[in-house]
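Listed below are the residues making up each chain.
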Amino acid sequence: MEHSLPVLPIRNTVLFPGSILPFRAGRPVSVAAVEYARSHQLDQILLVAQKTDRESGEVTPDDLYRVGTLVKLEQIKGGAKNGYQLVSRGLSRFLITEITIVDGAFFAKGEPLSETNDLDAETNQVLLKGLKQLSGEILDLIPADTRELKKLVAGIDDIRLLADMAAQNIEMPIPDRQELLEIQSIRTRVLKVFDLLQKRREILRVESDVRTRLSDRMGKLQREALLREQMKSIQDELGESMGEGDASTENPSGSGGTLKDLERKLKDAGMSAETQKLALDELSRLRSLPAQSPETHVIRNYLDLLAGLPWKKVPAPEIDIDGARTILDADHYGLEKVKKRVIEHL
């Protein structure tokens, strides 16, 4: 038997039976549907997803899917002026045969979507157990307190309800959600949810592994930084400078030579006072950095380059051209062109 129900178009989501959805109804077509439900003391209404996320402009019946969710309005707050805050609980799938517009509100005719129970008792138990186990593994991988959710999942013995609850919480595009809502075969629906959960579990495993590796790396860097700060405090207490002692002169970049050797090279390089001050400031900064910091190698290479540049002016040697010509004539007979070229080069 067909029923006529007020319709609330919703964007960016699909509500499955058994799940709760809080949302705001602020568009004229949505407000009109809520006003009708309140004035006729209806606590049930139809939620239907939009095919497109139309932020502005009027919604037409063609924008809506033909399978929605019959919901119970658990809570209604607000008013027509600023919109309504609603809390709805999904009851069942609903097949729409016709949508009409009355006084600015959508009304749908249709009936509950029939389901095909094609699971025998044994298969039902196997799939139910598998869904519970898979859901538990996924909840274990989520970085939050999921103990209450695990208890909730463990207490569900209706495979349709468990599959719908899982589908509600899996991230997927709206068309895929709608496709899942419209599946009438319980077996096909459960197997599709099972496949989606397996894919989600693998994604969460990768994310968990990445978080663990980053946490271990950050923990190591923090420990090293803390130890260096403690070492610096001890040296300050003893009146020692950062440049003294075996520990402080260790090369954090792992390249050849200690930082004390590098400091000596920088001081003996013959660079200007201003350049030397900058170089020694960078050396002090290098000492304070953790060994794993990316800057360590950059600064070390920069300072090695500064230490290796020819800062001291070397006087050009005097060349005795006449003496060179005499030696060439004495040691080499002939070869006038070659000797001339050598003299020109000198």
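A short note on the packing of aromatic side chains
At step 1: All chains considered together, the criterion is met by one aromatic pair.
At step 2: Between Y36 and F107 the ring centres are 4.7 Å apart and the planes differ by 85°, which places this aromatic pair in the edge-to-face class. Taken together, the positions of Y36 in helix α1 (residues 28-39) and F107 in strand β6 (residues 105-112) put the pair 71 residues apart, joining distant regions of the chain.
At step 3: A residue is classified by how much of its surface remains accessible, and Y36, at 30% relative accessible area, is partly exposed.
At step 4: Residue F107 is classed as buried on the basis of its relative accessible area, which comes to 8%.

Quick look at the packing of helix α2 (residues 121-141) against helix α3 (residues 147-154)
In helix packing, the relevant descriptors are the interaxial angle and the interaxial distance, both defined with respect to the helix axes.
At step 1: Taken N-terminus to C-terminus, the directions of α2 and α3 make an angle of 175°; their axes are 10 Å apart at the nearest point. Between α2 and α3, the interaxial angle falls into the category roughly antiparallel. Of α3, the residues touching α2 (which contributes K132, S135, G136, L139 and D140) are L149, K150, V153 and A154.
At step 2: Broken down by class, the residue content of the contact of α2 with α3 amounts to four nonpolar, two polar and three charged.

Some thoughts on the pattern of salt bridges
At step 1: This structure, assessed with the given rule, holds 23 salt bridges.
At step 2: Where K199 meets D195, a salt bridge forms, and the shortest distance between an N and an O atom there is 3.5 Å. Highlighted residues: K199 and D195, both in helix α6 (residues 186-238), separated by four residues, approximately one helical turn.
At step 3: The salt bridge partner of E282 is R285, with a shortest N-O separation of 3.4 Å. Taken together, the positions of E282 and R285, both in helix α8 (residues 273-288) and three residues apart, correspond to about one turn of that helix.
At step 4: The class of E282 is partly exposed, set by a relative accessible area of 24%.
At step 5: A relative accessible area of 34% means that R285 is categorised as partly exposed.
At step 6: A single salt-bridge network, built from bridges that share partners, covers R93, E115, D158, R160, D164 and R189.

Parameters and conventions
- Residues numbered from 1 in each chain as written.
- Predicted model: local features only at pLDDT ≥ 70, side-chain atom pairs only at ≥ 80, totals over all residues.
- Heavy atoms only, no water.
- Phe/Tyr/Trp six-rings, centres within 6.5 Å; stacked < 30°, edge-to-face > 60°.
- Helix = DSSP H or I, 4+ residues; strand = E, 2+ residues; numbered from the N terminus.
- Buried < 20%, exposed > 50% of the residue type's maximum accessible area, 1.4 Å probe, protein only.
- Axes fitted to C-alpha atoms, helices over the stretch in contact; angles between N-to-C directions.
- Parallel < 35°, antiparallel > 145°, perpendicular 65-115°, else oblique.
- Contact = heavy atoms within 4.5 Å.
- Nonpolar A, V, L, I, M, F, W, Y, C, P; charged D, E, K, R; others polar.
- Salt bridge = Lys/Arg side-chain N within 4 Å of Asp/Glu carboxyl O.

Coordinates in, geometry out; function isn't part of it.
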